[in-house]
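Observations on chain architecture
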Amino acid sequence: MSILSILSLVFLPCILAFTPLRPQVFSRMEVRQSTIKADGIAEKAIQESNTSVEKKSESFTKKKVLDEPAIWEYNFGLQDSKLPLPHGIVKDVTSPEKFAITEEQIQTLERDGVVHIKGVFDEEWVEYLRKATAHQVDQPHFWAFAGTASKLYDYIQRNVWQTNRSFASFYYHSAMGHVLAQCGRTDEIRISTDLLMVNPNKGFKWHQDNQNGPITWEEGLRFWITMDETPEEYGAPVYLKGSHFNNAVDEQAVFVDIEAEGLEEYRNEQLEFRTMPGDMLIWHPRTIHKVDGPSDGIWTSYRRVLGGTVAKGGSTYHDKRGSGGVLSDLGRHNLQDGDKLQSSYFPIVYPEFNKREANERDNGQVGRSPADIITKIGGLVSKASSERFGSFFQVLGSRN
């Protein structure tokens with residue numbers, strides 16, 4: 001008999017004896033969150049009673065909050081955690097919520113290339129997103145495999161709304177679309193591409209975003225929705241004020257050398273944002289920015305963010321095959337270069353979601369096929385495209 005079997009026989013009666021009649025099921029992420037809080041309380045008590053640094057280091061070993069999923073843990077197809085929506089919202093019935101911002105905030109975005117809007121989502125929405133994220137991390141999707149296995153993040157998944165209904169419902173019913181419509185001075189907002197990101201292990205050096213889906217710089221807005229308090233030591237995004245006006249950086253580049261000629265007027269005006277749960281960061285896709293990760297790549301707390309790019313009203317489809325930008329447009333839609341960006345692959349979320357588009361997503365008609373992916377990324381094999389795409393890998397790093 002194995003040691004595990006023996007331990008099971010010894011402790012199972014004890015476990016059963018204390019099992020409540022209606023047990024509450026927690027995800028691994030939620031359990032780990034409780035452990036982090038308990039560890040923090042214990043560590044504080046020890047620090048107060050033991051001033052010795054040696055004793056502290058012996059008592060606590062720094063440990064990542066999330067482990068990389070095993071290959072057999074990945075899932076395929078559509079997922080739905082069936083979370084109840086906040087505020088009594090009825091799924092696919094209730095109109096999207098609204099959140100008014102000021103003209104000053106809109107002008108800040110236009111002038112500085114970034115704006116921090118605090119408290120857009122209340123505690124109920126934040127908890128909803130945390131639970132949706134916990135479920136997703138606990139049931140990792142195959143489309144997260146490449147990013148997560150590369151160890152860029154503890155977990156990262158593009159176009160999570162396509163496979164996870166909880167995030168689609170958030171876009172359909174929350175005030176996100178209204179906020180972004182005001183920022184873009186537009187009457188329509190569509191999701192171009194999105195990302196669920198948990199803990200950027202290596203950080204990202206100075207860069208501009210070119211994974212914005214099939215739209216141009218001016219047609220899009222980047223967004224972050226934060227679920228956690230940003231640590232004081234690292235993890236806060238830093239932007240070069242007004243750098244979206246620069247003419248020095250090639251539009252295909254990702255990595256940016258801020259010491260390069262043409263960036264003199266921007267490099268010394270840096271805006272750092274220590275975001276809190278429920279905040280939004282919104283920026284122009286060309287605004288140069290960075291995020292520093294922990295120096296050792298180990299996050300001992302969570303930095304969960306739902307982010308991406310939205311398209312303003314009137315946007316058109318731009319076929320980006322042959323450039324790194326194609327990686328954020330791998331769907332099997334039939335849009336052609338120059339077509340109006342109107343498709344269930346790029347769902348409208350403001351002024352209201354479209355029920356036909358939502359139904360096509362729910363029926364599995366919105367997705368990615370291996371054949372389409374191979375066709376679209378085939379253009380990257382050219383030398384010029386490879387060099388442009390290779391700029392992405394220069395972005396990776398913990399600091400600077």
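Scroll up for the structure.
Residues numbered from 1 in each chain as written. Predicted model: local features only at pLDDT ≥ 70, side-chain atom pairs only at ≥ 80, totals over all residues. Heavy atoms only, no water.

**Thoughts on the pairing of strand β1 (residues 114-117)**
- Neither face of β1 is left uncovered, since the one carrying Val114 and His116 and the one carrying Val115 and Ile117 both have all their residues buried.
- Here four bridges tie β1 to strand β8 (residues 280-283), and the two strands are oriented antiparallel to one another. Looking across to β8, one finds that Val114 is bridged to Trp283. (Buried < 20%, exposed > 50% of the residue type's maximum accessible area, 1.4 Å probe, protein only. Helix = DSSP H or I, 4+ residues; strand = E, 2+ residues; numbered from the N terminus. Pairing = 2+ DSSP bridges.)

**Examining helix α8 (residues 165-173)**
- Of all nine residues in α8, nine are buried; the element is thus mostly enclosed.
- If you check which residues of α8 are buried, you get Arg165, Ser166, Phe167, Ala168, Ser169, Phe170, Tyr171, Tyr172 and His173.
- Of the residues that open α8, the one with a side-chain oxygen 2.9 Å from the backbone nitrogen of Ser166 is Asn164. (Polar contact = N/O pair within 3.5 Å; in protein donor to acceptor, adjacent residues only side chain to side chain.)

**Structural notes on the pattern of salt bridges**
- In total, this model carries 21 salt bridges according to the counting rule given.
- With its nearest N and O atoms 2.5 Å apart, the salt bridge here joins Asp228 to Arg304. Of the two residues, Asp228 is situated in the loop between β5 (220-226) and β6 (237-240) and Arg304 in strand β10 (residues 304-312); the sequence distance between them amounts to 76 residues. Of the two residues examined, Asp228 and Arg304, each falls in the buried class.
- For Arg267, the salt bridge is made with Glu259, and the minimal N-O distance between the two is 3.7 Å.
- Under the relative-accessibility criterion, Glu259 is labelled exposed at 56%. (Salt bridge = Lys/Arg side-chain N within 4 Å of Asp/Glu carboxyl O.)

**Looking at helix α4 (residues 103-112)**
- Residues of α4 that are buried include every one of Ile106, Thr108, Leu109 and Asp112, and no others. Around the axis of α4, the buried residues are gathered within 155° of arc, so they sit on the same side.
- Turning to α4, the residues buried within the fold contact β1, α9 (176-183), β5, β6, β7 (270-272) and β8.
- Backbone geometry just after α4 places Gly113 at a positive phi near 85°. (Arc of directions from axis to C-beta. Contact = heavy atoms within 4.5 Å.)

All we've got here are geometric facts, nothing functional implied.
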